[in-house]
Amino acid sequence: MRPIRPGDRGPAVTEIRKVLAGLDLLVPAPDSDEFDARTERAVRAFQQSRGLSVDGRVGAETWQALDAARWRLGARSLYHSVPEPLIGEDIRSLQERLLEMGYDVGRADAIYGVRTARALTQFQREVGLVPDGTCGPHTVNSLRRLGRKVVGGRPQWLRESDAIRQSGPTLVGRTVVIDPGHGGSDPGLTVPEGQRHWTEADLVHDLASRLEGRLAAAGVRVQLTRGPAQRDHLPDADRAALANSLSADVFISLHLDGHVNPAADGVATYHYGTDNGVTSTTGERLAGLVQREIVVRTGLRDCRSHAKAWDLLRLTRMPAVRVEVGYLTSPADRSRLIDPRFRDRVVEAIVAAIQRMYLPIEQDVPTGSIDVSKLRAMVAAESVAAGTVVD
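Values in this document were obtained by computation on a predicted structure and should not be read as measured data. (Residues numbered from 1 in each chain as written. Predicted model: local features only at pLDDT ≥ 70, side-chain atom pairs only at ≥ 80, totals over all residues. Heavy atoms only, no water.)

Asks: Even after reading the chapter, I still don't get the sheet that holds strand β8 (residues 320-327), so can you show me in this structure?
Replies: Strand pairing in a sheet is mediated by backbone hydrogen bonds. Such pairs are either parallel or antiparallel. Read from one edge to the other, the open sheet built from six strands follows the order β4-β1-β5-β8-β6-β7, with strand pairing classed as mixed. Every interior strand has two partners, whereas the edge strands, β4 (221-224) and β7 (302-308), have only one. Shown here is a sheet whose adjacent strand axes are inclined to one another by a mean of 20°, direction ignored. Bridge count for strand β5 (residues 250-257) against β8 is six bridges, and the pairing is parallel. Bridge pairing links Leu254 to Val323 in β8. On top of the sheet, helix α8 (residues 200-217) reaches β1 (175-180), β4, β5 and β8; it is set at about 150° to β5, its chief contact. Running at roughly 145° to β5, helix α13 (residues 340-358) makes contact with β5 and β8 of the sheet. (Pairing = 2+ DSSP bridges. Helix = DSSP H or I, 4+ residues; strand = E, 2+ residues; numbered from the N terminus. Axes fitted to C-alpha atoms, helices over the stretch in contact; angles between N-to-C directions. Contact = heavy atoms within 4.5 Å.)

Take a look at the structure:
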């Protein structure tokens, strides 16, 4: 859909204003269909609160989030619908409530999927309700009457951390999906420099290819979401679906940043999360590791890690990180990014970060200390010492 932006008029703008008014972000004005300055401020506040890109425009992702925000837990019956699942803030509230009570719904992603239905069925069975996986008035009342079961830590954090620990420290045999951003009809950022035009899509695909080689050398199965000359731009939801279909262990999306101010520079990483504390804990840890490794190994400015609810991060079912590897619009960053040796250092940083995620906390190593070229040999030696075999 074409983004709805300031200055636009029409029924869609009226609908946006109604939702924002219902969220107390805008003073109700039902007779207005203008996307004015107050509406833009309200949209920006909504985007900020939902972990979306804050641009003041209503594109597909913001529209979907606004539509989901209409619902409050108890306003409708919730059930597992195939092939189009129910989506809404009421479902996120249900998932968070079940997580607080110790039930495994996976990620609180506001999508009523199989895992949420199973968790709700288990809850219903334990409290004496009909275990049909449908959240109606009786189930909502029972949820509201009961308190937390899990104390001493976030249950999802405990569950995800234990899964990482149980899987062991080796990278051999793991599946990593690498997502070079943009591609096809969407080149991303394009910056002219002399006789050349540097494009984000080309540079991140080169990064992805180098990362593929390094990970494969360490025994990892690697899948890229696109090739160098893909015809059509693949939507983020499709990229996430590909990673899920491969049961990937890790998802890394590579992008470059840009700004009208050429002085803006540095690297930033993003993981799934919202402003109310919902987060992918393993994704958050991986993002922090990637951020620190890149900063130490390349000297790029540290723009830190941030939580976002972009589809790419929200819909993936594994630790997922989006990396903005410098600003293509910055002369300083650009001079580094177009250097193949620099791109190799970025790749080494990401491989080291992925390895560190699987190391037990007590065996973690200082940032920048892993020699990626010797990684598989080190793992093989440790496996032999432990009496196991690395294929």
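Moving on, there is more to tell.
Asks: Help me understand the pattern of salt bridges, please; the structure alone is not making it clear to me.
Replies: Two side chains carrying opposite charge are able to pair once their charged atoms lie near each other. This structure, assessed with the given rule, holds 28 salt bridges. Residues Asp90 and Arg76 are paired through a salt bridge, measuring 2.7 Å at the closest nitrogen-oxygen approach. Of this pair, Asp90 sits in helix α4 (residues 89-100) while Arg76 is found in the loop between α3 (60-68) and α4, placing the two residues 14 residues apart along the sequence. Since its relative accessible area comes to 0%, Asp90 is described here as buried. With relative accessibility at 18%, the residue Arg76 sits in the buried group. Through salt bridges with shared partners, a single ionic network connects Asp206, Arg210, Arg343 and Asp344. (Salt bridge = Lys/Arg side-chain N within 4 Å of Asp/Glu carboxyl O. Buried < 20%, exposed > 50% of the residue type's maximum accessible area, 1.4 Å probe, protein only.)

Asks: What is the right way to read the packing of aromatic side chains from this model?
Replies: Two aromatic rings are characterised by how far apart their centres lie and by the angle between their planes. Applying the stated criterion across every chain, the model contains two aromatic pairs. With centroids separated by 5.9 Å and ring planes inclined at 85°, the aromatic side chains of Tyr103 and Phe123 adopt a geometry described as edge-to-face. Taken as a pair, Tyr103 in the loop between α4 and α5 (114-126) and Phe123 in helix α5 lie far apart in primary sequence, 20 residues in all. Taking the relative accessible area as the measure of exposure, Tyr103 reaches 3% and is therefore buried. Pairing Tyr270 with Trp310 gives two aromatic rings, centres 4.9 Å apart and planes at 50°, and the pair type is tilted. In this pair, Tyr270 sits in strand β6 (residues 267-272) while Trp310 sits in the loop between β7 and α11 (311-314), placing the two residues 40 residues apart along the sequence. The class of Tyr270 is buried, set by a relative accessible area of 12%. The residue whose ring lies beneath Arg196 is Trp198, and the NZ or CZ to ring-centre distance is 4.1 Å. (Phe/Tyr/Trp six-rings, centres within 6.5 Å; stacked < 30°, edge-to-face > 60°. Lys NZ or Arg CZ within 6 Å of the ring centre and 35° of its normal.)

Asks: Can you help me understand the layout of surface pockets in this one?
Replies: To find leftover empty space, a probe the size of one water molecule is rolled over the atoms. There is about 1,000 Å³ of room inside the largest pocket. Taken together, 35 residues form the lining of the largest pocket, with Ser53, Glu61, His182, Asp236 and Arg322 sitting closest to its centre. Of all elements in the fold, only α3, α9 (236-245), β5, α11 and β8 reach the threshold of two or more residues within the lining of the largest pocket. Ranked by the residues each element gives to the lining of the largest pocket, the list is headed by β5, at four residues. In the lining of the largest pocket, the residues fall into 11 nonpolar, 11 polar and 13 charged. By volume, the second largest pocket amounts to about 870 Å³. Taken together, 38 residues form the lining of the second largest pocket, with Arg107, Arg115, Thr316, Arg317 and Met318 sitting closest to its centre. Residue assignment for the lining of the second largest pocket shows that the elements contributing at least two residues are α5, α7 (155-167) and α9. Ranked by residues supplied to the lining of the second largest pocket, first place goes to α7 with six residues. (1 Å grid on protein atoms, 1.4 Å probe; cavity = no way out; pocket = protein on both sides within 12 Å on 5 of 7 lines; lining within 4 Å. Points joined across faces, edges and corners; volume = space filled by probe spheres on them. Nonpolar A, V, L, I, M, F, W, Y, C, P; charged D, E, K, R; others polar.)

Shape descriptors only; they carry no functional weight alone.
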